[in-house]
Amino acid sequence: MAGTSATRTAAQILVDALRIHGVDTAFCVPGESYLAVLDALYDARDSIRLIVARQDGGAAYMSEAWAKVTGRPGICFVTRGPGATNASIGVHTAMQDSTPMILFIGQVPGEFVERESFQEVDYRRMFGPMAKWVASIDRADRVHEYVSHAFHLAMSGRPGPVVLALPEDMLTQTASVADIATYQVVQASPSPADIDKLRALLARAGRPLVILGGTVWTREACRDLQAFAENCGLPVACSFRFQDLFDNRHDHYAGDVGIGINPKLAQRVRDADLLLVIGERLGEMTTGGYTLVEPPRPKQKLVHVHAGAEELGRVYQGELLINSGMPQIAAALKSLKLDGGAWRAWRERARADYLEWTKPAANPGKVQLADIVAWLRERLPEDAIIANGAGNFAGWVSRYYRYPGLRTQVAPTSGSMGYGVPAGVAAQVAHPDRMVVSFNGDGDFLMNGQELATAVQYGLPVIFVVVDNGMYGTIRMHQEREYPGRVYGTALKNPDFAGLARAYGAHGELVEETAQFAPAFERAVKTAEAAGKPALIHVRIDPQAITTSTTLDAIRARSLKG
Ligand SMILES: Cc1ncc(C[n+]2csc(CCOP(=O)(O)OP(=O)(O)O)c2C)c(N)n1
Ligand SMILES: [Mg+2]
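The paragraphs below set out a description of the structure included in this document. Because the structure is predicted, anything quoted here is derived from the model rather than measured. Per-chain numbering applies: the sequence of each chain, read as written, is numbered from 1 onward. The order in which chains are written sets their letters, starting at A; the order in which ligands are written sets their numbers, starting at 1. Thresholds applied to this predicted model are a pLDDT of at least 70 for local features of residues and 80 or more for the giving and counting of side-chain atom pairs; totals over whole chains, interfaces and linings are not thresholded and use all residues. In computing side-chain properties, one takes all heavy atoms of the structure into account and sets aside hydrogens as well as water.

### Comments concerning the packing of helix α3 (residues 56-70) against helix α4 (residues 81-97)
Argument step 1. The angle between two axes is taken between their N-to-C directions and runs from 0 to 180 degrees, where each axis is a line fitted to C-alpha atoms and a helix contributes only its stretch in contact. Each helix is a run of H or I in the DSSP string that is no shorter than four residues. Each strand is a run of E no shorter than two, and both are numbered from the N terminus. At a closest axis distance of 7 Å, the pairing of α3 and α4 adopts a crossing angle of 25°. When the interaxial angle is binned, α3 and α4 end up roughly parallel. The crossing of α3 and α4 is right-handed. Only Pro82, Gly83, Asn86, Ala87, Ile89, Gly90, Thr93, Ala94 and Asp97 of α4 make contact with α3, whose side of the interface consists of Asp56, Gly57, Ala60, Tyr61, Glu64 and Lys68. The cut-offs work like this: below 35 degrees is roughly parallel, past 145 is roughly antiparallel, 65 to 115 is roughly perpendicular, and the gaps in between are oblique. The sense of a crossing depends on the near helix, which, turned anticlockwise from the far helix by less than a right angle, makes the crossing left-handed and, turned clockwise, makes it right-handed. Contacts are residue-level and defined by heavy atoms, with any inter-residue pair within 4.5 Å sufficient.

Have a look at this one:
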């Protein structure tokens, strides 16, 4: 029992530790290597909800996505070797996306270690560069110490994944230990001198641009940041797949700096004389492959604020580098006031460019994806959560949807496919009262489509949209660019996705013309909510509609000419 120092097994101490650290949901695929933990979770079933996935990669993605929509560490349990290798995609995503997550892996008993015994893997070597910390808990009396360290690390500085191995024999050993305190979130604060320097740099700027990104944001931090943007009249952009950090409907919002960027915004990033980058690492996808902002010393004056000290000065030298958590920097900036008159026209043009860019543009074929997303942005409730995986289909969502605020977007900045279905499941588990819409490509969907079964099993009314162009379209696009006309390895023969959904016990719809989408969506929502089950809308699009702004034929023709 929590709070006592009675003798407990390591597995019981571990589950008590999870409760102490505020865990109310965990994701898993079971394994014989951690039966003792499952048994302890059985006793804790009233306080910790266990969601059992159909593939360890699905479970890992779910815990990562759960962390994204709650701001707390996602918890995942998988078995050794095969479970761990499957789950690694979620760990990699959490690393690239700076998401707090703890993966617990059953491990062979200590007496067999280093023999390459059944399913044995050395997790330190396997996950080394993919996690903030990888360790094995080898003593029952130190479970608390390891778990507490894992929570602190996952949530401090730049958040990320931690991997803890649980040797099978250790889990049943007993210890008599006292419980410990809940973890604290440790983040740096900007100094008054930092804020003075920032104010001086801003006061001298003519074309400033704020770029937001990363994690560890809170609602209050987002509100404070918005007040700062308003008080100083600043245009604000969001980085790749962190588009929900600033209300996209706000007059100061200038769009997202990522894959498929508005060319005018890309030019604006180049033309800015001061970039105030807050929380974003300035990775490859946000910098247009390090061209919009050039290392090591960018042409634009750079103020870089990041929660991880190790990210500052890593690629870019800046005018001012500030190590700070997001609530801390936002609270400090909230009361900063500057007359933004000098850049008022610059900001208004940035907004006008965004509005122009997000007016639905036509694509070939009978289904107009832009119109569908534009319809959804009017139709969906303000707190709806939009999940998506990776592929060109996601370009329509990020260009045309208007994310109204924090934790309305769940998407992998790592560009990892197969994310949309488990992310939709996790978002609905975390927020049963909010509408969850998950966008998937045809290739993307089938990387984790089996998690539809999880959505059915737990009665989750997620609306899954599958955008089907009969191919791994993104790769076909690159193929036409680099090797025009030599199509190979990118075509897909697909199942009847709506029929597949029905076989899982979900509601299924097929859409082949734009006008069919709205009624199909309304039926899907009605059925999903009434029956407590997911729905899937299979949207067939013209393969020529390869991006929001060009066609396959146009890409091929350009490549053949060039
Ligand atoms: C797990 C994973 N495997 C492979 C890739 C490489 N990849 C990126 S996009 C893509 C194709 C996506 O196809 P689909 O989901 O059908 O979307 P489309 O581009 O056709 O809209 C592939 C194979 C990846 N990003 N992630
Ligand atoms: Mg496709």
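### Some points on the nonpolar core
Argument step 1. The set of buried Ala, Val, Leu, Ile, Met, Phe, Trp, Tyr and Cys residues whose side-chain atoms join them within 4.5 Å is what this entry labels a nonpolar core. Only protein chains enter the accessibility calculation, which uses a 1.4 Å probe; a residue whose area is less than 20% of its type maximum is buried, one above 50% is exposed, and one in between is partly exposed. Of all hydrophobic cores here, the largest spans 58 residues; its most connected members are Leu212, Trp217, Phe228, Leu275, Ile278, Val303 and Leu333.
Argument step 2. Of the residues forming this core, the biggest block, six residues, is contributed by helix α9 (residues 219-232).
Argument step 3. Beyond its immediate sequence surroundings of up to four residues, Phe228 is in contact with Leu202, Leu234, Leu276, Leu333, Lys334 and Leu336.
Argument step 4. Counting 50 residues, the second largest nonpolar core, distinct from the first, contains Cys76, Leu103, Ala423 and Leu536.

### Re the sheet that holds strand β6 (residues 133-136)
Adjacent strands of a sheet pair through backbone hydrogen bonds, lying either parallel or antiparallel.
Argument step 1. Here we have six strands laid out as an open sheet, ordered β3-β2-β4-β5-β7-β6, and parallel in their pairing. Each edge of the sheet is formed by a strand with only one pairing partner; in this case those strands are β3 (49-52) and β6. Strand-to-strand twist across the sheet, computed as the mean angle between neighbouring axes with direction ignored, equals 20°.
Argument step 2. Any two strands between which DSSP finds at least two bridges are classified as paired. Bridge count for strand β2 (residues 25-28) against β3 is four bridges, and the pairing is parallel. Bridge pairing links Ala26 to Leu50 in β3.
Argument step 3. Along the sheet, α3 contacts β2, β3, β4 (74-78) and β5 (101-107); its crossing angle with β4, the most-contacted strand, is approximately 165°.

### Points about the side chain of Gln428
Argument step 1. Mapping Gln428 onto the fold places it in helix α15 (residues 420-430).
Argument step 2. Residue classification places Gln428 among the buried residues on the basis of a relative accessible area of 2%.
Argument step 3. Residues adjacent in sequence count toward polar contacts only when both atoms are side-chain atoms; beyond that, a polar contact is any pair of N or O atoms within 3.5 Å, and within protein one must be able to donate a hydrogen and the other to accept it. Here Pro432 takes part through its backbone oxygen, which lies 3.4 Å from a polar atom of the side chain of Gln428.
Argument step 4. Discounting residues that sit within four places of it in the chain, Gln428 has contacts with Arg434, Val436, Leu460, Pro461 and Val462.

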